[in-house]
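Understanding the architecture of this molecule
The chain contents come next:
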Amino acid sequence: MSWVDVPEGSDFPIENLPFGIFRPRDEEPRVGVRIGDHVVDVAAAGIEPDLAARPSLNALMASGHGGAVRERVAELLTGPERPDVVHPIADVQVLMPIDVVDYIDFYSSIHHATNLGRILRPDSEPLLPNWRQLPVAYHGRARTVVVSGTPVERPAGLVADASGTGRLTPTRALDIELEVGFLVGGQPAARIEPDHADRHVFGVVLLNDWSARDIQGFEYQPLGPHLAKSFATTISPWVVTLEALRPYLVEPPAQEPPPDPYLRAALPWAVDLELRVELNGTPITATNFSHMYWTFAQQLAHLTVNGAPAGSGDLFGSGTVSGPTKGERGSLIELTWRGAEPLTLDDGSTRTFLEDGDTVTVRGWCGGGDRPRIGFGEATGTIVPTPEAP
Ligand code: CA
């Protein structure tokens, strides 16, 4: 038991202890560890101050000392009381946890990829032939990954008019993608084996890959999404360590055909992680991350197999998480079947895609009930109008 009181049902019991960056009033940003409704100031507690008195987690992630720091914080919280190194969460500012070095986004839910294939290419096979052989991905923009709470400007881009000519216009098809993000730690490494993923993945966050479907529709062939997604990606601020998630690793779905040997794992790398999405407070999606066809361990193996290293500060997204049933779809284009079946919100209004002022909140947790709840907090964002042209 911790001497910091943890409210019943909190996402952040002593078994979790995720890392983040916070700023106490009038002081510099530094590394914190979340417990209940409080934050431990790691540097002030005298734990690895060279790594912890920093405005991002990158140095700590690169050092390989994350596990040891987390153990020392757990000892601190179960030893003699040190209220001088703990802040109530309401008294601090919670900031972007990492400087994202590189950002890759996968496309690894078979349910999402099948739904999108049916919507976008109704007359052909929904899955392209390569999809079951490799975890398909595109390269995103590190610079526009933002922390939960950051407003999201409605992007403008070229959208096809009736004649098929692209016209610069604010998107009218602004969407979400419910995802899980993986933060790489350690020194840069290439050709990582799937079963060594836990040596390289530092932690996990919730991720919303905001997407402008009309801009995407005009630009995506033949090289994939670009400006339709690069305007903003929201992540949750508390980085849940893989160590905390270890009891919730489970067997992934069987893969047919069996993948190439470099993608084969002996260990179970799916995560039994409940995921929820609310739009203006109305629940719109409830699913579980364990449905994913490709695991994060396979994704990491894939993105390094050609010799391109992954190291501290790299972020990769799981791809939209959709489950097998209608209520488990992780994007509005699927939930509304590209606008054909609008959603009705609790206030009686309807949505196909997002309107200015809309707020989307992603939540996630492992366990609960008689098992420790390893929660992620939330990743939220509110849509603001496209700025006026100067
Ligand atoms: Ca995505």
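Counting starts from 1 at the beginning of each chain's written sequence and moves along it residue by residue. In keeping with the predicted nature of the model, local features appear solely for residues at pLDDT of at least 70, side-chain atom pairs appear and are counted solely at 80 or more, and the whole-chain, interface and lining totals rest on all residues. The side-chain numbers reported here are obtained from all heavy atoms of the structure, hydrogens and water having been left aside.

**Section: the domain arrangement of the protein**
Going by this rule: Domain delimitation follows an automatic or database domain assignment. Contact between two residues is taken to exist if any of their heavy atoms lie within 4.5 Å; hydrogens are not considered. Once two parts are joined, some of their accessible surface, as seen by a 1.4 Å probe, is lost; buried area is that loss totalled over both. For this analysis, a salt bridge means a side-chain nitrogen from Lys or Arg found within 4 Å of a carboxyl oxygen belonging to Asp or Glu. Between N or O atoms, a polar contact is any pair within 3.5 Å; within protein, one atom must be a potential hydrogen donor and the other a potential acceptor, and residues adjacent in sequence are included only when both atoms are from side chains.
Its domain assignment divides the protein into domain 1 (19-95) and domain 2 (102-384). For domain 1 versus domain 2, the distance between C-alpha centres works out to 29 Å. In this complex, domain 1 contributes 16 residues to the contact, which on the side of domain 2 involves 15 residues. For the pairing of domain 1 and domain 2, the buried interface totals around 1200 Å² over both sides, and the portion due to carbon and sulfur atoms is 67%. Broken down residue by residue, the surface that domain 1 buries against domain 2 is led by Phe19, Met61 and Arg70, which jointly contribute 48%. Between domain 1 and domain 2 we count zero salt bridges in total. Along the contact surface separating domain 1 from domain 2 lie six residue pairs in polar contact (both at pLDDT 80 or more).

**Considering the coordination of the calcium ion**
Operational definition: Metal-coordinating donors are taken as N, O and S atoms lying within 2.8 Å of the metal, or within 3.2 Å when the metal is Na, K or Ca; because water is left out, some sites can appear incomplete. Only DSSP runs of H or I covering at least 4 residues are called helices, and only runs of E covering at least 2 are called strands; the numbering of each starts at the N terminus. Relative accessibility thresholds used throughout: buried, under 20% of the residue-type maximum; exposed, over 50%; partly exposed, between the two (1.4 Å probe, protein chains only).
Looking at the calcium ion, the protein donor atoms are Asp105 (OD), Glu177 (OE), Glu179 (OE) and Asp209 (OD), and they sit 2.2 to 2.3 Å from it. The motif formed by the donor residues of the calcium ion, counted along the single chain, is D-x71-E-x1-E-x29-D. One end of the pair, Asp105, is in strand E6 (residues 102-106); the other, Glu179, is in strand E13 (residues 178-184), with 74 residues separating them in the sequence. Residue class for Glu179 comes out buried when judged on its relative accessible area of 0%.

**Observations regarding the nonpolar core**
Condition: Grouping buried Ala, Val, Leu, Ile, Met, Phe, Trp, Tyr and Cys residues that are joined through side-chain atoms within 4.5 Å yields what is termed a nonpolar core.
With 60 residues, the main nonpolar core has Trp210, Phe289, Phe296, Phe316 and Leu354 as its most contacted residues. Ignoring sequence-local partners within four residues, the contact set of Leu354 consists of Arg154, Leu174, Asp175, Ile176, Trp210, Leu279, Leu332, Val360 and Ile383. In terms of nonpolar packing, the next biggest core, distinct from the first, is built from 37 residues, Val4, Ala43, Val73 and Leu76 among them.

**Concerning the side chain of His112**
The topology assignment puts His112 in helix H4 (residues 110-120). Apart from residues lying up to four places away in sequence, His112 is in contact with Tyr107, Glu177, Thr320, Ser322, Ser331 and Glu334.

**Section: the side chain of Ser211**
Examined against the element boundaries, Ser211 turns out to sit in strand E15 (residues 211-212). Looking at Ser211, the relative accessible area reads 0%, which means it is buried. At 2.9 Å, the side chain of Ser211 and the backbone oxygen of Asp209 are in polar contact. Within the structure, Ser211 has its side chain in polar contact with the side chain of Lys229 (distance 2.8 Å). Among residues more than four places away in sequence, those in contact with Ser211 are Ala173, Leu174, Asp175, Glu177, Gln216, Ala228, Lys229 and Phe231.

**Some points on H4**
Taken across its 11 residues, H4 has eight buried, putting it largely inside the fold. Along H4, the residues classified as buried are Ile110, His112, Ala113, Thr114, Asn115, Leu116, Gly117 and Ile119. Against the buried residues of H4 lie helix H9 (332-335).

**Brief notes about the packing of aromatic side chains**
For clarity, the threshold we go by: Whether two aromatic rings pair depends on their centres lying within 6.5 Å, for rings of Phe, Tyr and Trp, where Trp uses its six-membered ring; planes under 30 degrees apart make the pair stacked, over 60 edge-to-face, and the rest tilted.
Tallied over the entire structure, the rule returns eight aromatic pairs. Between the aromatic rings of Phe106 and Phe316, the centroid separation amounts to 6.0 Å while the plane-to-plane angle is 80 degrees, which identifies the pairing as edge-to-face. Taken together, the positions of Phe106 in strand E6 and Phe316 in strand E22 (residues 314-317) put the pair 210 residues apart, joining distant regions of the chain. As far as burial versus exposure is concerned, Phe106 and Phe316 are alike and both buried. Through successive ring pairs, a cluster of aromatic residues spans Phe106, Phe182, Trp269, Phe289, Phe296 and Phe316.

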